[in-house]
2 protein chains.
Amino acid sequence: MFGVLLVILISLWMAIYHGGFEWYHEKAFNFHPLFMVLGMVFFYAEAILVYRVFRNKKKIVLKLFHASLNVLAFIFGALGLKAVFDSHNLIDKPIPNLYSLHSWLGITTVVLFAVQWLFGLFGFLLPVSNLKFKKILMPIHLFFGIVIFVLATLTSLTGLTEKALWTLDKTYQLFVPEGVLINVMGLLLVIFCISIVFLVVNPNYKRVAKAEDGVNLIN
Amino acid sequence: MFGVLLVILISLWMAIYHGGFEWYHEKAFNFHPLFMVLGMVFFYAEAILVYRVFRNKKKIVLKLFHASLNVLAFIFGALGLKAVFDSHNLIDKPIPNLYSLHSWLGITTVVLFAVQWLFGLFGFLLPVSNLKFKKILMPIHLFFGIVIFVLATLTSLTGLTEKALWTLDKTYQLFVPEGVLINVMGLLLVIFCISIVFLVVNPNYKRVAKAEDGVNLIN
């Protein structure tokens, strides 16, 4: 619910205050906040929740669902990155790339996500790893799963802060509507992140391993 | 180690690029990043680690040490807040307060910290709560302990981003030394945060309850 509201607000923000969505020169930027949050925050969170919401389904079904949602997260994340690079490069006076703390955090997050995705694919989904390797990998996969999600959230918060200052400059200090909207979206992001982490770490919501899981017994 | 390095870098940042430390009008600001990180990130993290580093000491000693470090965190946090309000209010053209996402996140963090501190004091340190209440409170205290720490970290990251844009403006895009220093401090903050959370959640490092803990048996 918080996630859907967040995605709607970002769309409205870009539509109302920044001229909507068109993949054309500097306007390409408007896809960046929407696609990054849709991919790296929203779909990523849904992928995490698969093992909590549908915990009575067969393990292989859950794995495929988890992997598919993470493919969606990856596609939107990649498009979101292309949007920001295009908006920097395809204009008359190109803006340098990767100079800000936001961009450094973002690249770190995306690289960790890609590594995590590959380890997930070869470690758990494809039948190529042995049980010993899976047992070592599982706690690492869980820990970094949450770390990457929190990194995506905090990168988004630095992005909101950057956009507020670049766009509004000193008018940000006057509580203009766009500034307040940005702050509300930031708080929503934090509430969404805390809710998801709570649902994931709470032992009561964990999936109980079943005999039919076979060699996939580790949860 | 990451934490000490971070505090040193912030001190150098304010000393070299912003004229050092003096509690006088706008310069009071320079205490803000130093004291907030020293209190809400560094000492707060040390307070968390007490139960991991000295896990063979008596429970009551650990509690007092944990509470004392959190008092230090509170004092520096309060001074850090006073610094930013003074720097906004005690100048010719006062700057509005609490308009930014950074400030909203910061106030949320500090309020949650104060509530957490009071619950810790009356729930665990003072001998006024019964075992049932302690058992309910403990997982909440642990969860919010980590949430508040991560909130402090991400608030700092939005603060670094704000300071970079207000101070450097477009020169931030040219990889000037202060900009790179800010980004490095941001990455250090994230690495410090991940290290601390890892040490806290890893079950291998948890304190094992002892018989002598008596009614304080729950860890």
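Conventions adopted
- Residues numbered from 1 in each chain as written.
- Chains lettered and ligands numbered in written order.
- Predicted model: local features only at pLDDT ≥ 70, side-chain atom pairs only at ≥ 80, totals over all residues.
- Heavy atoms only, no water.
- Helix = DSSP H or I, 4+ residues; strand = E, 2+ residues; numbered from the N terminus.
- Expected span 1.5 Å × (residues − 1).
- Buried < 20%, exposed > 50% of the residue type's maximum accessible area, 1.4 Å probe, protein only.
- Arc of directions from axis to C-beta.
- Contact = heavy atoms within 4.5 Å.
- UniProt positions renumbered as here; feature names shortened; annotations may be inferred.
- Buried area = accessible area lost by both parts, 1.4 Å probe.
- Salt bridge = Lys/Arg side-chain N within 4 Å of Asp/Glu carboxyl O.
- Polar contact = N/O pair within 3.5 Å; in protein donor to acceptor, adjacent residues only side chain to side chain.
- Nonpolar A, V, L, I, M, F, W, Y, C, P; charged D, E, K, R; others polar.
- Axes fitted to C-alpha atoms, helices over the stretch in contact; angles between N-to-C directions.
- Parallel < 35°, antiparallel > 145°, perpendicular 65-115°, else oblique.
- Left-handed = near helix turned anticlockwise from the far one by under 90°.
- Core = buried A, V, L, I, M, F, W, Y, C linked by side-chain atoms within 4.5 Å.
- 1 Å grid on protein atoms, 1.4 Å probe; cavity = no way out; pocket = protein on both sides within 12 Å on 5 of 7 lines; lining within 4 Å.
- Points joined across faces, edges and corners; volume = space filled by probe spheres on them.
- Least-squares fit on C-alpha atoms with pLDDT ≥ 70 in both.
- Phe/Tyr/Trp six-rings, centres within 6.5 Å; stacked < 30°, edge-to-face > 60°.
- Lys NZ or Arg CZ within 6 Å of the ring centre and 35° of its normal.

Draft legend 1. Structural context of helix α1 (residues 2–17) of chain A. Residues and elements named next belong to chain A. With 16 residues, α1 extends 22 Å from end C-alpha to end C-alpha; this agrees with the ideal 22 Å at 1.5 Å per step. Among all positions of α1, only Gly-3, Leu-6, Val-7, Leu-9, Ile-10, Trp-13 and Met-14 are buried. All buried residues of α1 project into a common sector of 160° when viewed along the axis, lining one side. Where α1 is buried, its residues contact α2 (31–53), α5 (131–168) and α6 (177–201). In the segment just after α1, Gly-19 is the residue with positive phi, at about 80°.

Draft legend 2. Expanded view of the UniProt feature "domain: Cytochrome b561" (unreviewed entry) in chain A. Residues annotated in UniProt with the feature "domain: Cytochrome b561" (unreviewed entry) correspond here to residues 1–201 of chain A. Helix makes up 79% of residues 1–201 of chain A and strand 0%, and the two end C-alpha atoms of the span are 19 Å apart.

Draft legend 3. The interface of chain B and chain A, seen in detail. If you look at the interface, chain B gives 38 residues, while chain A gives 38 residues. In this assembly, chain B packs against chain A so that about 3,400 Å² is buried in total across both faces, 83% of it on carbon and sulfur atoms. Inspection of the region where chain B meets chain A yields zero salt bridges. Counting every contact that joins chain B to chain A gives eight residue pairs in polar contact (both at pLDDT 80 or more). Put simply, the parts of the chain that give the side of chain B that touches chain A at least two residues each are α4 (101–125), α5 (131–168) and α6 (177–201) of chain B. Residue contributions to the side of chain B that touches chain A peak at 12 residues, all from α5(B). Here the residues of the side of chain B that touches chain A are counted per class, giving 27 nonpolar, eight polar and three charged.

Draft legend 4. Expanded view of the packing of helix α2 (residues 31–53) of chain B against α5(B). Residues and elements named next belong to chain B. Here α2 crosses α5 at 150°, and the two axes come no closer than 10 Å. For the element pair α2 / α5, the angle class is roughly antiparallel. In this structure, α2 meets α5 at a crossing whose hand is left-handed. Contact residues: α2 offers Val-37, Met-40, Val-41, Tyr-44, Ala-45 and Ile-48, while α5 offers Phe-144, Gly-145, Ile-148, Phe-149, Ala-152 and Ser-156. Its residues placed into classes, the contact of α2 with α5 shows 10 nonpolar, two polar and no charged.

Draft legend 5. Representation of the nonpolar core within the structure. Ranked by size, the top nonpolar core spans 118 residues in total, and within it A:Phe149, A:Met185, B:Phe149 and B:Met185 carry the most contacts. Once you skip the residues sitting within four places of it in the chain, A:Phe149 turns out to touch A:Met40, A:Val41, A:Tyr44, A:Ala45, A:Ile48, A:Phe192, A:Cys193, A:Ile196 and A:Val197.

Draft legend 6. Spotlight on the layout of surface pockets. Residues and elements named next belong to chain B. Looking at the largest pocket, its volume works out to about 1,600 Å³. Here the lining of the largest pocket gets 13 residues from one element, more than from any other, and that element is α5. Of the residues assigned to the lining of the largest pocket, the class counts are 38 nonpolar, six polar and five charged.

Draft legend 7. How the structure looks around the pattern of salt bridges. Throughout the structure, instances matching the rule amount to four salt bridges over all chains. For A:Lys27, the salt bridge goes to A:Glu22, with nearest N and O atoms at 3.1 Å. A residue is classified by how much of its surface remains accessible, and A:Lys27, at 28% relative accessible area, is partly exposed. With relative accessibility at 41%, the residue A:Glu22 sits in the partly exposed group. For B:Lys82, the salt bridge identified is with B:Asp86, shortest N-O distance 3.0 Å. One end of the pair, B:Lys82, and the other, B:Asp86, are both in helix α3 (residues 59–89), four residues apart, so they sit about a helical turn from each other.

Draft legend 8. Summary view of the UniProt feature "transmembrane region" (unreviewed entry) in chain A. Residues and elements named next belong to chain A. The feature "transmembrane region" (unreviewed entry), as given by UniProt, occupies residues 31–52, 64–85, 105–128, 140–160 and 180–201 in the numbering adopted here. This span, residues 31–52, is 100% helix and 0% strand, and a straight line between its end C-alpha atoms measures 30 Å. Taken end to end, residues 140–160 comprises 100% helix and 0% strand; its first and last C-alpha atoms sit 30 Å apart.

Draft legend 9. Representation of the relation of the copies chain B and chain A in the model. Overlaying chain B on chain A yields an RMSD of 0.0 Å, the required transformation being a rotation through 180° with an accompanying axial translation of 0.0 Å. Those values place the two copies in the arrangement expected of a two-fold rotation axis. Within chain B, the C-alpha atom positioned nearest to the axis of rotation is that of B:Thr158, 2.5 Å from it. Taken as a fraction of all interface residues of chain B, those also at the interface in chain A reach 100%, which identifies the copy contact as same-surface.

Draft legend 10. Fine view of the environment of A:Ser129. Residue and element names in this part refer to chain A. Inspection of the secondary structure puts Ser-129 in the loop between α4 (101–125) and α5. Separated by 68 residues in sequence, Ser-129 and Val-197 have C-alpha atoms that sit 28 Å apart. Setting aside its immediate chain neighbours within four residues, Ser-129 contacts Phe-122, Gly-123 and Lys-134. Here the side chain of Ser-129 touches Phe-122 through a polar contact of 2.7 Å, landing on its backbone oxygen. A polar atom in the side chain of Ser-129 sits 3.5 Å from the backbone oxygen of Gly-123.

Draft legend 11. Spotlight on the packing of aromatic side chains. In the structure shown here, the tally under the stated rule is 30 aromatic pairs over all chains. Aromatic pair A:Phe42 and A:Phe43: ring centres 5.6 Å apart, planes at 65°, arrangement edge-to-face. A residue is classified by how much of its surface remains accessible, and A:Phe43, at 16% relative accessible area, is buried. Between A:Phe198 and B:Phe143, the aromatic rings sit 5.5 Å apart at their centres with planes inclined by 70°, giving edge-to-face as the arrangement. Here A:Phe198 is found in helix α6, whereas its partner B:Phe143 is found in helix α5 on a different chain. Judged by relative accessible area, A:Phe198 falls into the partly exposed class, the value being 34%. An aromatic cluster is defined as three or more aromatic residues linked by ring pairs; in this entry it consists of A:Phe21, A:Trp23, A:Phe31, A:Phe35, A:Phe42, A:Phe43 and A:Phe76. Above the face of the B:Trp166 ring, A:Lys170 is positioned so that its terminal group lies 5.3 Å from the ring centre.

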